[in-house]
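# Analysis of the macromolecular model
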Amino acid sequence: MRRLSALVLLAASMTAFTAIAGERTHYLDLINRAHDRIVSVAATPAGGTVWNEVLRDAAVPGGGGAVTVQVAGGQCVHDVRVEFANGRSALYPAIDLCRHRGLRIQPLPAGRGKAMMAVQQASPAYTSPAGD
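The following refers to the structure shown. (Residues numbered from 1 in each chain as written. Predicted model: local features only at pLDDT ≥ 70, side-chain atom pairs only at ≥ 80, totals over all residues. Heavy atoms only, no water.)

This next bit is on unusual backbone geometry. Positive phi is not limited to glycine here, since Asp-57 has a value of about 50°. For Asp-57, the position within the fold is in the loop between β3 (52–53) and β4 (65–72). (Helix = DSSP H or I, 4+ residues; strand = E, 2+ residues; numbered from the N terminus.)

What follows is the structure, given as structure tokens:
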């Protein structure tokens, strides 16, 4: 009887662990190399339409300001949308948060309201000096 109870308890705890593992939190270090202040950062699983704000009650100054944000979700690949104080925005598609911990936000091309950035080419992932 004890073995049966132990097996039931083990099975229940593994089910709970699997459910928790699906809601993983990723951390993303943002470095703002653009000229303008970042006022909003939102993320969605790649190709998704429901955006979740990840920059809460903060702004990231231009010219090298940095912040770490939390992106919740079981998927590794997310689209990241960045909005600046001057009203412009940029979309960084398909960022693999399991492989890359950071993102350098580059200045937007002149004369465009919105820009789509290719993350691996236009803005290589940041690797912390500690090797995280």
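Taken in spatial order, the 3 strands line up as β4-β1-β7 in an open sheet, and their pairing is mixed. A single partner strand is all that each edge strand has here, and the edge strands are β4 and β7 (102–105). Ignoring which end each strand starts from, the neighbouring axes of this sheet average 25° apart. As defined by bridge partners, strand β1 (residues 25–32) adjoins β4 across 8 bridges and the pair is classed as antiparallel. Bridge pairing links Leu-30 to Val-67 in β4. (Pairing = 2+ DSSP bridges. Axes fitted to C-alpha atoms, helices over the stretch in contact; angles between N-to-C directions.)

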